[in-house]
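Structural characterization, general
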Amino acid sequence: RMAAAPPSYCFVAFPPCSKDGLVVFGKNSARPRDEVQEVVYFAAAEHDPGSKVECTYIEIEQVPKTHAVVLSRPSWLWGAEMGANEHGVCVANEAVVTREPASEAEALLGMDLVRLGLERGATAKEALDVIVALLEEHGQGGNYYEDGSSCHTFQSAFLIVDRNEAWILETSGKYWAAEKITEGVKCICNQLSLTTKIDAEHPELRNYVKSQGWWNGDSDFNFSEVFSLADDHLACCSGKESLEKQGGDVSAQAMIDVLRDKDSGVCVDSESFLTTASIVSVLPQDPSFPCIHYFTGTPDPSRSIFKPFIFVDDVKLVPKVQSPSFGNDDPAKKIPRFQEKPDRRHELYKAHEWARSLLENDQDKGQKLMRIMLDLEKQGLEAMEDILSRTEILDPAEVVDLFYDCVDTELKFFK
């Protein structure tokens, strides 16, 4: 059996489960332990006709206009594990294993599709349409890890969310099915979850599975049952109960608490995998309020702080959470790939490593530092709650340095 997919968890909560007309989205990105994730912002841009965009492994046609995006991504690749765009669309992906072996041939990675969906879709449904069209045209495949010694390939699932609705999109090769969600709490993890409620699908999906002998056409069509390897399409979501227990009060803080929970398994810290970065987004259903996206930019949310980002024009860039760039000399870009591993740690990551060793070696100092950090986080969360409870429109000048200042303050504490 192929290697298990990394156990990431993605969540969305809609009213009435969430607070005050907010849609709350969250993801823990479980990846190889030593992989660095960076937080990067790309402004909206216009592109010349006929121009191309170079994704992780392949080049594809560019579109005339791309939206502004903020991404949390493994710093060796082009795409993203999770992120948001200026229109309040959030996308996260999951690596999944299906009965169909994922392709080793280099194509689009599930993570490239996250970024492409965000850059090209102004609503959740538009992002879904973008992703499935690109899947049809280019396929998915290639190594999921920065590993020269073996190729790790997976199929992809996505949680795509905007202020009004969410879509769970699950794929196997170019075939896919999707379910629309507008209420309650939903979780996806590293296995298929769609069953018989399918709101959109690949036009040839059912013919294809019949031709493979995976479905006879008589019984109800159950996507997970048809595509899962064995009985691993069970309810995987340990965090879902904790969110449902909040009973109409899921807030950014509640989502952060779920992502920090090691006992439930949502916060992964195992021999091979670690939660290398996390995101929480709050999307007010009233479009006159801004969406707020919290990123850690560092591993292990139980020892990291969530820092807010709001899309405004001329938002200040934050080099301290960006990994060094190696241009065309990057071993990820040379064939054969990944012959060596450069040091991709950014400034915040390095400072965080120091703080982590303090937490492990000097309990008193470590706990004191953690208390200061959580207090800083709380101030940020309260300031954002204030923005969402005001009647007047937000002045962009007030938040243009927001994420920059939070990272800066965090670094000062580590110093």
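- If you check an unreviewed UniProt entry, the chain appears there as SCRN1 protein from Cnemophilus loriae.

**A word on the pairing of strand β2 (residues 22–32)**
- Counting buried positions over the 11 residues of β2 gives 11, a clear majority of the element.
- Here strand β1 (residues 9–13) pairs with β2 via 5 bridges, running antiparallel. Within β2, the residue paired with Y9 across the bridge is N28.

**Section: the packing of helix α7 (residues 347–361) against helix α10 (residues 402–414)**
- Two elements in contact, α7 and α10, have axes separated by 10 Å at closest approach and are oriented at 35°. The two elements α7 and α10 cross, and the hand of that crossing is left-handed. Where α7 approaches α10, its residues E347, L348, A351, H352, W354 and A355 are matched on the opposing element by V407, E410, L411 and F414.
- When the residues that make up the contact of α7 with α10 are grouped by side-chain class, the tally is 7 nonpolar, 1 polar and 2 charged.

**Brief notes about the sheet that holds β1**
- With antiparallel pairing, 6 strands are arranged side by side in an open sheet as β14-β1-β2-β16-β17-β18. Looking at which strands have only one partner, the edges of the open sheet turn out to be β14 (185–188) and β18 (307–309). The sheet shows a mean angle of 15° between the axes of neighbouring strands, direction not considered.
- With 11 bridges connecting them, β2 and strand β16 (residues 273–284) associate as antiparallel partners. Across the sheet, the residue bridging to V23 is L283, located in β16.
- Of the strands in this sheet, β2, β16, β17 (292–295) and β18 touch helix α8 (residues 363–389), which is tilted by about 170° from β17.

**Some details on the sheet that holds strand β11 (residues 155–161)**
- Spatially, the 8 strands line up as an open sheet ordered β3-β8-β9-β10-β11-β12-β13-β15, and their pairing is antiparallel. Edge strands, defined here as strands with exactly one partner in the open sheet, are β3 (37–42) and β15 (200–201).
- Relative to the sheet, helix α2 (residues 124–138) contacts β11, β12 (166–172) and β13 (175–181), its axis offset from that of β12 by approximately 10°.

**Re the nonpolar core**
- With 91 residues, the main nonpolar core has F11, L159, V161, F223, V280, Y294 and I310 as its most contacted residues.
- Looking at this core element by element, the count peaks at 7 residues for α8.
- When residues no more than four places from it in sequence are discounted, the contact partners of V161 are V12, V23, F25, G88, V89, C90, A124, A166 and L283.
- L109, L128, Y144 and F154 belong to the second largest nonpolar core, which has 47 residues in total.

**Examining α2**
- Spanning 15 residues, α2 covers 21 Å between terminal C-alpha atoms, matching the ideal 21 Å at 1.5 Å per step.
- For α2, the full list of buried residues reads A124, A127, L128, V130, I131, V132, L134 and L135.
- Immediately beyond the C-terminal end of α2, within one or two residues, lies G139, with a positive phi of roughly 75°.

**A closer look at α7**
- In this model α7 runs 22 Å from its N-terminal to its C-terminal C-alpha over 15 residues, within 8% of the 21 Å that 1.5 Å per residue would give.
- Listed as buried for α7 are L348, Y349, A351, H352, A355, R356, L358 and L359.
- Of the surrounding elements, those touching the buried residues of α7 are β18, α8 and α10.

**Section: the side chain of R390**
- When you line up the elements, R390 lands in the loop between α8 and α9 (396–399).
- A relative accessible area of 17% means that R390 is categorised as buried.
- Among the polar contacts listed, one links the side chain of R390 to the side chain of D386, at a separation of 3.2 Å.
- One polar contact links R390 to E398, side chain to side chain, over a distance of 2.9 Å.
- For R390, the residues in contact, after removing those within four places along its chain, are F289 and E398.

Criteria and cut-off values
Residues numbered from 1 in each chain as written. Predicted model: local features only at pLDDT ≥ 70, side-chain atom pairs only at ≥ 80, totals over all residues. Heavy atoms only, no water. Buried < 20%, exposed > 50% of the residue type's maximum accessible area, 1.4 Å probe, protein only. Helix = DSSP H or I, 4+ residues; strand = E, 2+ residues; numbered from the N terminus. Pairing = 2+ DSSP bridges. Axes fitted to C-alpha atoms, helices over the stretch in contact; angles between N-to-C directions. Left-handed = near helix turned anticlockwise from the far one by under 90°. Contact = heavy atoms within 4.5 Å. Nonpolar A, V, L, I, M, F, W, Y, C, P; charged D, E, K, R; others polar. Core = buried A, V, L, I, M, F, W, Y, C linked by side-chain atoms within 4.5 Å. Expected span 1.5 Å × (residues − 1). Polar contact = N/O pair within 3.5 Å; in protein donor to acceptor, adjacent residues only side chain to side chain.

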